Amino acid sequence: MVQISRLSKKRLGEILLEEGLVREDQVQEALKRQKATGELLGEAFVSLGYVTEMDIARALVRQFGLPYLDASAYRIPKEAVQAVPREFLWQNSMIVLDKIGKALVVAVAGIVNPEVLEKLEKSTGSQVFVYISTPVS
């Protein structure tokens, strides 16, 4: 069973503020954009040009205490690609990087949702290992 809990009770905007990457007015603008567009808050910050995808990844690493992995440099085996439906991965901003026996290695570029990860474990019959990454095209 995937054990994910926030290492920090702080929200993404608070972490970015503490790190001096954004100002309070930029947090408010990103929140407005998120509400208007439905995109994730991290995506809103990046779209507005306030931070980079790497800044968001670092903040998520701090928030959830998960390791970072550069998914763009990872060669993904065919078995891993076929392990989970693309639509599920797209909806949850994740990618399967590897499938080794009953282990499924995934990279998440957004919200780390324990319920989604549990659903992934149940549907694949695998233990899920989660890493933070930046979005991969």
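Above this text sits the structure in question.
Residues numbered from 1 in each chain as written. Predicted model: local features only at pLDDT ≥ 70, side-chain atom pairs only at ≥ 80, totals over all residues. Heavy atoms only, no water.

J.: Where do I start with unusual backbone geometry in this structure?
T.: It is generally the case that most residues other than glycine have a negative phi and that most peptide bonds are trans. If you check the backbone angles, Ser93 has positive phi at about 50° while not being a glycine. Along the chain, Ser93 turns up in the loop between α6 (86-91) and β1 (94-100). (Helix = DSSP H or I, 4+ residues; strand = E, 2+ residues; numbered from the N terminus.)

J.: How do you make sense of the sheet that holds β1 when you look at a structure like this?
T.: Sheet strands associate in pairs through backbone hydrogen bonding, adopting either a parallel or an antiparallel arrangement. Here three strands make up an open sheet; going across it, the order is β1-β2-β3 and the pairing mixed. Bordering the open sheet on either side are β1 and β3 (127-132), each of which pairs with just one other strand. Neighbour to neighbour, the strand axes of the sheet diverge by 25° on average, direction disregarded. In the sheet, strand β2 (residues 103-108) pairs with β3 via six bridges, with the strands oriented parallel. Each residue of the ladder has a partner; that of Leu104, found in β3, is Val128. (Pairing = 2+ DSSP bridges. Axes fitted to C-alpha atoms, helices over the stretch in contact; angles between N-to-C directions.)

J.: Before we go on, may I ask you to explain helix α4 (residues 53-64) in this structure?
T.: Along an α-helix, residues three or four apart share an orientation, since each turn contains 3.6 residues. For α4, with twelve residues, the first-to-last C-alpha span of 16 Å sits near the 16 Å given by 1.5 Å per residue. Those residues of α4 not exposed but buried are Asp55, Ile56, Ala57, Ala59, Leu60, Gln63 and Phe64. Against α1 (12-18), α3 (41-47) and β3 lie the buried residues of α4. Gly65, located one to two residues past α4, shows a positive phi value of around 65°. (Expected span 1.5 Å × (residues − 1). Buried < 20%, exposed > 50% of the residue type's maximum accessible area, 1.4 Å probe, protein only. Contact = heavy atoms within 4.5 Å.)

J.: Is there a simple way to think about the pairing of β1 in this case?
T.: Along a regular strand, successive side chains alternate from one face of the sheet to the other. Within β1, five of the seven residues are buried, which leaves it mostly tucked inside the rest of the structure. With six bridges joining them, β1 and β2 adopt antiparallel strand pairing. Within β2, the residue paired with Val96 across the bridge is Val106. Between β1 and β2, which follow one another and run antiparallel, lie two residues, and Gly101 among them has a positive phi close to 60°.

J.: Could you clarify how one ought to interpret the nonpolar core in this entry?
T.: The nonpolar side chains of a soluble globular protein tend to be buried, and buried together. In this structure, Phe45, Met94 and Leu120 are the most contacted members of the largest nonpolar core, which totals 32 residues. Per-element tally for this core: the top contributor is α4, with five residues. Discounting residues that sit within four places of it in the chain, Leu120 has contacts with Val84, Phe88, Met94, Leu104, Val106 and Val128. (Core = buried A, V, L, I, M, F, W, Y, C linked by side-chain atoms within 4.5 Å.)

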